[in-house]
Amino acid sequence: MRIAILALQGAFAEHEKTLSRLGVESFEIRQLRDLDRPLDGLIIPGGESTVQGKLMDDLGLTEPVRRLIESGLPVWGTCAGLLLLARRIANDVRTHLATMDVTAVRNAYGRQLGSFSTRGSFAGIPDVPMTFIRAPYIAQAGAGVRVLATADDRIVAAREANQLVTAFHPELGDDLTVHRYFLDMVCKQVAR
Amino acid sequence: MTQVQSADDTPTQHANRYELNKNLAQMLKGGVIMDVTTPEQARIAEDAGACAVMALERIPADIRAAGGVSRMSDPKMIKGMQEAVSIPVMAKCRIGHFVEAQILQAIDIDFIDESEVLSPADDTYHIDKTRFDVPFVCGARNLGEALRRIQEGAAMIRTKGEPGTGDVVQAVTHMRAMQSEIRRVAGMAQDELYEAAKQLEVPYGLVKYVHDNGKLPVVNFAAGGVATPADAALMMQLGAEGVFVGSGIFKSGNPAKRAAAIVKAVTNYTDAKMLAELSEDLGEAMVGINAQEIELLMAERGV
């Protein structure tokens, strides 16, 4: 199993480190030719969604990545990654890959003083640590979207078929729950 | 759950706030933070792919040219930037001027740069950054300075470089010094770390962290004199985790194009072919002054 990590900007190294702790091979996508390598899943990391979105456009990555997702490639977006995958952003006219049927709210908790950490249930697994950094949340999810976690009644993790999003950052801590969940998605897809 | 915690809260909450602040710096990695002086410039920077902007009344080159005492920017101006863009907005306070920092925190700033670019307010003490809820970034010329600022509560470090010059030589010197000292500490025997802590004038715990991890405990950016995509890529290859660009963009011929090129250069900093393309046709670069031609070395402020 080989996981690609979009490495244009943000906390991609943290995902690489977490995957290597789980014994999973990963590689970075920094430009179009990196997509030529075989991949079983894709992680879009935290960072600034405007930066990653613009670089994806400028480097010609947006369309090829969208096609991969639409053809069933398992993808996981954390924070900025959630915004890149969201079909609608309530407080921004810009959308990016727009493959997932959710409406996200950018900087939904305000500026850095609104950043926080908490613990909660993720996909039925209790007490998972969740770190939110100038985070978005999901204001509205389409019919085919399954809510995996909420915090203060707001949707902070969800899944639609091969697409997983978390508004929080599992790659920042030691907890491996969400990475394991995503790898399980990838395994099931590979087996098909 | 999301309420702002004050410095009086429990040590656990405080440690948590520091973690969240270091985490924000992690989200900025691989990005370019640009100095801007108007909301219009802030929008140009955001559209070009800046991962954050530094709101300033004057860019360092103009501060240098104007002389006199340079202070924190007008909060109203900073608020204008906060309304103009969706990316994090940073602002500078003078070294040791904890009231300027309190003011910046009060207007909900995302990051405070306790900066040698402004006139120092205190020639002995830096701000006790552990008493604040917002994150701080501080300049450093070497490992000792970096670790002292981290002990004071900095959530991010940048090289000092020599701001406002368009000359990258000092940033290179500082980044090389830092990386070389990190490698030296990483290779030390356990019992040599106590002496290293003494020589660096920093707590043993921080030296131990550097020894065990081969890196600073916080994100480390390059700053000072970066003017071209090649400069930015040079700093990344030397070990920077991202780049601040000050005067280099809005003192050049085509700021939007140069800014976008520097952003791409930071992402693909090892691809010389792409760097060549990015370096084409950028218009006039910031003229700059050589670091040895200037009388005021800002990097010597606050050590």
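Further up the page is the structure itself.
Residues numbered from 1 in each chain as written. Chains lettered and ligands numbered in written order. Predicted model: local features only at pLDDT ≥ 70, side-chain atom pairs only at ≥ 80, totals over all residues. Heavy atoms only, no water.

Engineer: Can you lay out the overall build of chain A for me, pointing to particular residues and giving the numbers?
Structural biologist: In terms of helices and strands, chain A carries 5 helices and 12 strands. Rg of the C-alpha trace for chain A: 15 Å, near the compact-globule value of 16 Å for 192 residues, within the 12% margin. Along the three orthogonal principal directions, the C-alpha set of chain A runs to about 40 × 35 × 30 Å. Looking at the 192 residues of chain A, the share that counts as buried comes to 64%. When contacts within chain A are restricted to residue pairs at least 6 apart in sequence, those whose partners lie at least 24 apart make up 62%. Looking at chain A as shown, the accessible area adds up to about 7200 Å², and 46% of this sits on carbon and sulfur atoms. (Helix = DSSP H or I, 4+ residues; strand = E, 2+ residues; numbered from the N terminus. Rg over C-alpha atoms; globule rule 2.2 N^0.38 Å. Buried < 20%, exposed > 50% of the residue type's maximum accessible area, 1.4 Å probe, protein only. Contact = heavy atoms within 4.5 Å. Areas by Shrake-Rupley, 256 points an atom, 1.4 Å probe, with all protein chains shown as cover.)

Engineer: Quick rundown of the pattern of salt bridges? Include the residues and the values.
Structural biologist: All names here are of chain B. Taken as a whole and judged by the stated rule, the model has 32 salt bridges over all chains. Linking Lys-251 and Asp-62 is a salt bridge whose minimum nitrogen-to-oxygen distance equals 2.9 Å. With Lys-251 in the loop between helix H11 (247-250) and helix H12 (255-267) and Asp-62 in helix H3 (residues 60-66), this residue pair connects regions lying 189 residues apart in the sequence. The partly exposed category is assigned to Lys-251, whose relative accessible area is 38%. Residue Arg-141 pairs with Glu-145 through a salt bridge whose shortest N-O separation is 2.7 Å. Residue classification places Glu-145 among the buried positions, given a relative accessible area of 1%. (Salt bridge = Lys/Arg side-chain N within 4 Å of Asp/Glu carboxyl O.)

Engineer: Help me get a handle on a nonpolar patch on the surface, residues and values and all.
Structural biologist: Together, Phe98(B), Val99(B) and Ile103(B) make up an exposed nonpolar region whose accessible area comes to about 240 Å². Tracing the chain through its elements places Val99(B) in helix H5 (residues 98-106). (Patch = residues over 30% accessible without salt bridge, like charges linked within 9 Å, V, L, I, M, F, W, Y side chains within 5 Å.)

Engineer: Kindly report on unusual backbone geometry, identifying the contributing residues and their values.
Structural biologist: All names here are of chain A. Of note in the backbone geometry, Ala-98 takes a positive phi value of approximately 55° without being a glycine. Mapped onto the secondary structure, Ala-98 falls in the loop between strand E5 (86-89) and strand E6 (100-105). Positive phi, normally seen in glycine, also occurs at Asp-127, with a value near 60°. Inspection of the secondary structure assignment puts Asp-127 in strand E8 (residues 125-132). Its relative accessible area of 48% is what places Asp-127 among the partly exposed residues.

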